[in-house]
Amino acid sequence: MLRAGDAVACLACRNLLFTRMGVRFGMPIQKLHPLSRAIHHRYSGNANSQRPPHCTAARHFTSLSRLPMKPPKFRAGGHGYQQHRTFWVVRLAARLLKLRYLLLGTAVGGGYTAKKTYEEWKDMLPDLSEYTWIVPDFIWELNEHIDLGENVCRFESRSTKSSDKEKVDQLQEELVRTQMKYQRMLERLEKENKELRKVVLQRDDKGIHQRKIKKSLIDMYSEVLDILSDYDSNYNTQDHLPRVVVVGDQSAGKTSVLEMIAQARIFPRGSGEMMTRSPVKVTLSEGPHHVAMFKDSTREFDLGKEEDLAALRNEIEIRMRKSVKEGQTVSPETISLSVKGPGIQRMVLVDLPGVISTVTAGMAADTKETIFSISKAYMQNPNAIILCIQDGSVDAERSIVTDLVSQMDPQGKRTIFVLTKVDLAEKNLASPSRIQQIVEGKLFPMKALGYFAVVTGKGSSNESIDSIKDYEEDFFQSSRLLRDGMLKAHQVTTKNLSLAVSDCFWKMVRESVEQQADAFKASRFNLETEWKNNYPRLRELDRNELFEKAKNEILDEVISMSQVTPKHWQSILQKKLWERVSTHVIENIYLPAAQTMDSGTFNTTVDIKLKQWTDKQLPHKALEVAWETLQEEFARFMAEYKGKDQDDIFDKLKEAVKEESIKRHKWNERAMDSLRVIQHNALEDRSITDKPQWDAAIQFMEETLQSRLKDTESVIHDMVGPDWKQRWTSWTNRSPDQHVRNETKNELERLLKLHEDHTAYLANDEVTTVRKNLEARGVEVDPVLIKDTWHQLYRRHFLQKALFHCNLCRRGFYYYQRHFVDSELECNDVVLFWRIQRMLGITANTLRQQLTNTEVRRLEKNVKEVLEDFGEDNERKTQLITGRRVQLAEDLSKSAVVQLACIIGLLHNLRYI
């Protein structure tokens with residue numbers, strides 16, 4: 001029964017309370033608000049005392065049920081209507097409370113969105129604090145005066161036995177049912193929204209709706225980060241633009257979290273071994289098709305096809321291994337990848353190699369320090385968002401990454417903590433409250449902006465993203481961690497994590513990009529000042545522009561080779577070919593044949609040796625000469641083309657292009673066979689048709705013999721040292737070896753005077769005689785030295801005789817026409833030199849035709865191919881086009897691009913985020 005002091009309450013006051021709940025009310029009527037007392041007495045004076053009181057049935061109420069504050073129905077008239085108006089604020093508050101719990105109790109997967117929407121709605125509600133006086137005072141003091149003790153909520157006999165635990169379970173079951181209901185509604189709406197966005201993006205992609213900006217904002221931002229990764233730090237322009245840095249212990253699930261955010265299994269996987277060997281920058285953006293593409297490639301990988309996914313994973317692994325230098329395990333070189341697809345949150349993430357505690361077999365000794373260095377380099381950016389990944393299935397004390405993150409962000413102003421493998425943690429941990437301590441930031445010393453718990457699958461590499469998402473949502477819907485309130489709905493699932501990270505990323509971008517743009521403006525001013533002071537008359541050409549300029553110059557130089565006259569080609573080819581083969585002709589053909597006693601044997605020996613030479617060596621030597629001549633002319637034109645207007649900054653590039661082009665150029669293989677036939681036919685001809693040809697052969701022979709005689713005299717002079725005149729004028733003396741050589745020469749000259757027709761070789765007894773004669777004069781000499789000295793002396797003697805014979809043959813053309821019949825003069829050696837001279841002319845003409853008609857064009861084609869290859873190889877261009885001027889122009893170009901992207905692109909478009 002209701003007792004209000006000593007007086008009996010009126011009907012209106014009793015109907016405000018639960019009359020059958022056994023509520024004990026200890027507030028006297030005199031303490032009621034004046035308005036409440038007025039209502040009380042007005043009802044008590046007109047009420048029918050015989051009417052039974054209005055009773056409200058006793059019920060259990062949850063946060064999602066209708067609150068039992070509905071007033072009793074009165075007759076139409078003044079009092080009932082006035083009481084209805086009095087409690088409209090109470091009913092409004094009840095409806096808002098119901099909406100609040102519906103929103104907070106929505107689906108697990110939409111917890112973060114629901115929380116965010118609830119905060120926005122709450123801010124839009126009007127302030128009703130000025131109208132609290134309408135509600136009677138005793139309503140606000142119910143909690144102070146209502147006693148819910150043992151005798152307060154007493155139901156009928158068997159209801160009193162239900163425990164508090166059963167009530168809590170009923171409330172939790174009702175909450176879960178409501179969550180599942182709204183989860184299905186949310187999934188359906190999200191699916192419809194995703195399909196609609198995909199249709200819109202596809203229409204935009206086909207050009208139906210022309211965009212004002214060709215590139216998306218996130219793509220533009222990612223390009224800026226790529227440019228800044230190579231930026232020169234000489235002017236304090238360090239990159240402080242935001243990106244999401246994903247760090248964690250090895251095998252903590254970093255890559256799996258990133259794949260869930262990207263909605264595709266794009267990374268190579270391994271069981272326990274290190275797979276992430278270099279940083280991978282992933283640019284996530286929304287698009288009509290789920291595709292991936294590398295920054296330096298045009299190939300698109302369709303992430304909806306398993307074969308493309310496998311190819312993408314393989315390509316990432318290949319690029320990682322290529323980036324690792326020999327003897328190392330990890331590399332700081334960044335691999336840039338973009339992923340687009342419907343419903344993907346826009347952001348830039350960098351997946352770093354997992355932090356390790358011990359270097360294992362097969363790793364470089366400095367692997368641990370290198371990983372720490374790479375991680376710190378990315379995390380020390382004051383605007384980088386650190387996504388700290390912690391494995392929930394292992395003891396928290398074994399974590400290394402939390403200490404590292406605490407050092408880089410001690411206040412936790414830019415850190416988001418993610419606990420992975422929560423399903424295993426719940427199964428293995430004896431105390432689930434330990435997980436609650438982790439996600440509340442009470443277990444680790446590190447601080448964070450937010451804490452999330454996720455599940456990234458059952459551990460199988462064959463699981464699809466959809467199956468992992470279903471498993472994650474099913475786990476959290478049935479998990480006691482969420483049911484018992486240890487985790488909040490907005491703290492779970494990778495979807496909520498993705499939304500939170502994206503919001504944090506763009507918030508950081510908005511706050512920092514303008515400051516970075518100002519820093520680059522200052523840097524550009526410094527660069528422009530240095531350029532004006534050092535290169536006032538030169539244009540600011542970066543490395544690519546300089547390469548294009550050098551490319552045009554080189555092509556002009558190659559084309560200029562077509563202006564070489566045929567006469568010039570033939571003369572230099574004939575001259576170089578004779579220089580190459582003259583030694584072989586004199587030593588292996590002419591000298592052996594000249595040792596014969598008659599003209600028949602001479603001609604036979606010459607024919608045999610010429611045939612052997614033509615079959616084996618001559619064509620090959622001729623092509624070598626032609627190829628070397630082409631190289632020399634190419635180099636000469638490139639050197640002569642360089643004038644006062646040419647830039648020496650291109651010298652290394654031109655030399656590299658020349659060497660690579662020559663290396664790639666190969667002479668036509670069929671040319672050798674045809675050349676062999678031409679040379680053989682030329683050497684077979686012995687018909688000198690007129691006196692000028694005979695005189696030309698005499699001159700050619702004389703010049704050749706004189707040149708050889710001069711070379712031989714020089715060799716003999718070096719062997720015996722200076723003569724008496726040089727010793728007196730130059731004050732030089734012979735060395736002991738030269739003295740022995742000189743004595744040997746004198747002894748051999750006496751032998752040669754006695755036997756002018758001596759053969760080219762000394763007999764053993766002659767060597768012994770010479771040695772004994774020298775020993776008699778006190779000169780010890782070796783037989784090898786005697787033979788060596790004799791070879792040079794006999795060579796000189798033979799060349800002198802050949803020159804004398806050549807002079808005699810000047811008048812021998814008449815006897816040649818008569819085949820030297822009835823003549824003691826035989827000039828077969830002149831015919832030999834005429835045959836050689838004619839072969840040289842014909843060979844040079846053939847090679848000249850092949851050069852001008854074929855090989856020069858092929859060389860030009862090779863040069864173009866080399867330039868194209870060099871143009872695509874940035875590393876090669878960096879090596880070949882160097883210098884402070886180039887680097888300064890590069891920095892000016894990059895700073896201009898960064899300013900353009902930051903100011904025109906980013907700042908202009910950030911208002912659309």
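Basis of the calculations
Residues numbered from 1 in each chain as written. Predicted model: local features only at pLDDT ≥ 70, side-chain atom pairs only at ≥ 80, totals over all residues. Heavy atoms only, no water. Helix = DSSP H or I, 4+ residues; strand = E, 2+ residues; numbered from the N terminus. Buried < 20%, exposed > 50% of the residue type's maximum accessible area, 1.4 Å probe, protein only. Contact = heavy atoms within 4.5 Å. Areas by Shrake-Rupley, 256 points an atom, 1.4 Å probe, with all protein chains shown as cover. Pairing = 2+ DSSP bridges. Polar contact = N/O pair within 3.5 Å; in protein donor to acceptor, adjacent residues only side chain to side chain. Salt bridge = Lys/Arg side-chain N within 4 Å of Asp/Glu carboxyl O. Expected span 1.5 Å × (residues − 1). Bend = angle between axes of the 7 residues up to and from the residue. Disulfide = S-S within 2.5 Å. Phe/Tyr/Trp six-rings, centres within 6.5 Å; stacked < 30°, edge-to-face > 60°. Axes fitted to C-alpha atoms, helices over the stretch in contact; angles between N-to-C directions. Core = buried A, V, L, I, M, F, W, Y, C linked by side-chain atoms within 4.5 Å. pLDDT = per-residue confidence, 0-100.

A. Representation of the overall build of the chain within the structure. Looking only at helices and strands, the chain has 33 helices and 11 strands in total. Split into buried and exposed, the 913 residues of the chain put 45% on the buried side. In the chain, of all internal contacts separated by at least 6 residues, the share reaching a separation of at least 24 is 79%. Surface summary for the chain: the accessible area is close to 50,000 Å², and the carbon and sulfur share equals 50%.

B. Region of interest: the pairing of strand E11 (residues 450-453). On E11, burial covers both faces: Gly450 and Phe452 on one face and Tyr451 and Ala453 on the other are all buried. Pairing geometry for strand E10 (residues 415-420) and E11, over 4 bridges, is parallel. Each bridged residue has a counterpart across the sheet, and for phenylalanine 417 the counterpart in E11 is tyrosine 451.

C. Structural detail: the environment of aspartate 598. Looking at the element boundaries, aspartate 598 is found in the loop between helix H20 (566-594) and helix H21 (599-616). Taking relative accessible area as the criterion, aspartate 598 reaches 41% and is therefore assigned partly exposed. Through-space distance from the C-alpha of aspartate 598 to that of glutamate 826 is 9.3 Å; in sequence the pair is 228 residues apart. Of note is the side chain of aspartate 598, whose polar atom sits 2.8 Å from the backbone nitrogen of threonine 601.

D. Spotlight on the pattern of salt bridges. Following the criterion strictly, the structure yields 38 salt bridges and no others. Close ionic contact of glutamate 660 with arginine 664 constitutes a salt bridge, the shortest N to O distance being 3.0 Å. Of this pair, glutamate 660 and arginine 664 both sit in helix H23 (residues 651-664), 4 residues apart, which is roughly one turn of the helix. With relative accessibility at 31%, the residue arginine 664 sits in the partly exposed group. Note that arginine 750 and glutamate 747 form a salt bridge whose closest N and O atoms lie 2.3 Å from each other. On the criterion of helical spacing, the pair formed by arginine 750 and glutamate 747 is a turn pair, its members being 3 residues apart in helix H27 (residues 736-754). Since its relative accessible area comes to 40%, arginine 750 is described here as partly exposed. Residues joined by salt bridges that share partners form a network here, namely Glu660, Lys663, Arg664 and Asp869.

E. Here's a closer look at H20. Spanning 29 residues, H20 covers only 37 Å between terminal C-alpha atoms, well under the ideal 42 Å at 1.5 Å per step. When the local axis directions of H20 are compared, the greatest deviation, roughly 45°, occurs at valine 581.

F. Up close: the state of the cysteines. A complete count under the given rule lists 1 disulfide for this structure. The disulfide bridge from cysteine 809 ends at cysteine 827, spanning 2.1 Å between sulfur atoms. Across the S-S bond linking cysteine 809 and cysteine 827, the dihedral sits near -100°, which makes this disulfide left-handed. Here cysteine 809 is found in the loop between helix H29 (783-808) and helix H30 (813-817), whereas its partner cysteine 827 is found in the loop between H30 and helix H31 (828-872), with 18 residues between them in sequence. With a relative accessible area of 0%, cysteine 809 lands in the buried category. The closest cysteine sulfur to the non-disulfide-bonded cysteine 806 is located on cysteine 809, 6.8 Å from its own sulfur. Here cysteine 806 falls in the buried class, since its relative accessible area comes to 0%.

G. Molecular detail of the packing of aromatic side chains. Applying the stated criterion to the full structure yields 13 aromatic pairs. On the basis of an interplanar angle of 80° and a centroid distance of 5.4 Å, the ring pair of tyrosine 590 and phenylalanine 833 is categorised as edge-to-face. Of this pair, tyrosine 590 sits in helix H20 while phenylalanine 833 sits in helix H31, and the two are 243 residues apart along the sequence. We classify tyrosine 590 as buried; its relative accessible area is 3%. The exposure class of phenylalanine 833 is buried, given its relative accessible area of 1%. Ring pairing ties together the aromatic residues Trp578, Tyr590, Phe700, Phe798 and Phe833, which thus form one cluster.

H. Representation of the sheet that holds E10. Taking strand neighbours across the sheet as the criterion, the 9 strands line up as E6-E5-E7-E4-E8-E3-E9-E10-E11 in an open arrangement whose pairing is mixed. Every interior strand has two partners, whereas the edge strands, strand E6 (301-302) and E11, have only one. Sheet analysis places strand E9 (residues 385-391) next to E10, joined by 6 bridges and oriented parallel. Bridged to aspartate 391 within E10 is threonine 420. Against the sheet, helix H10 (residues 254-262) engages strand E3 (244-248), strand E4 (280-286), strand E7 (335-341), strand E8 (347-351), E9 and E10, with an angle of about 160° to E8.

I. Fine view of the nonpolar core. In this structure, Tyr590, Trp613, Trp694, Ile836 and Val863 are the most contacted members of the largest nonpolar core, which totals 102 residues. Considering each element in turn, this core owes the most residues, 17 residues, to H31. Leave out the neighbours within four places in its chain, and isoleucine 836 touches Trp578, Val585, Leu610, Trp613, Leu683 and Phe700. In this structure, Val280, Ile335, Ile385 and Ile416 belong to the second largest nonpolar core, which totals 47 residues.

J. Molecular detail of the side chain of asparagine 862. Within the secondary structure layout, asparagine 862 lies in helix H31. For asparagine 862, a relative accessible area of 11% puts it in the buried group. Contact partners of asparagine 862, with chain neighbours within four places excluded, come to Ser661, Arg664 and His665.

K. Seen up close, the environment of glutamate 440. Among the structural elements, glutamate 440 can be located in the loop between helix H15 (433-439) and E11. Note on glutamate 440: relative accessible area 32%, which makes it partly exposed. Considering only alpha carbons, one finds glutamate 440 and leucine 487, 47 residues apart in sequence, at a separation of 8.9 Å. A distance of 3.3 Å separates polar atoms of two side chains, one belonging to glutamate 440 and the other to lysine 442.

L. Main features of the confidence of the model for the chain. Put simply, the chain has an average pLDDT of 75, and 72% of its residues get 70 or more. In this model residues 1-87 is a low-confidence stretch, pLDDT under 50, and it forms 110 contacts with partners more than four residues away in sequence or in other chains. Below a pLDDT of 50 lies the segment residues 142-161, which in the model reaches 24 contacts outside its immediate sequence neighbourhood of four places, other chains included.

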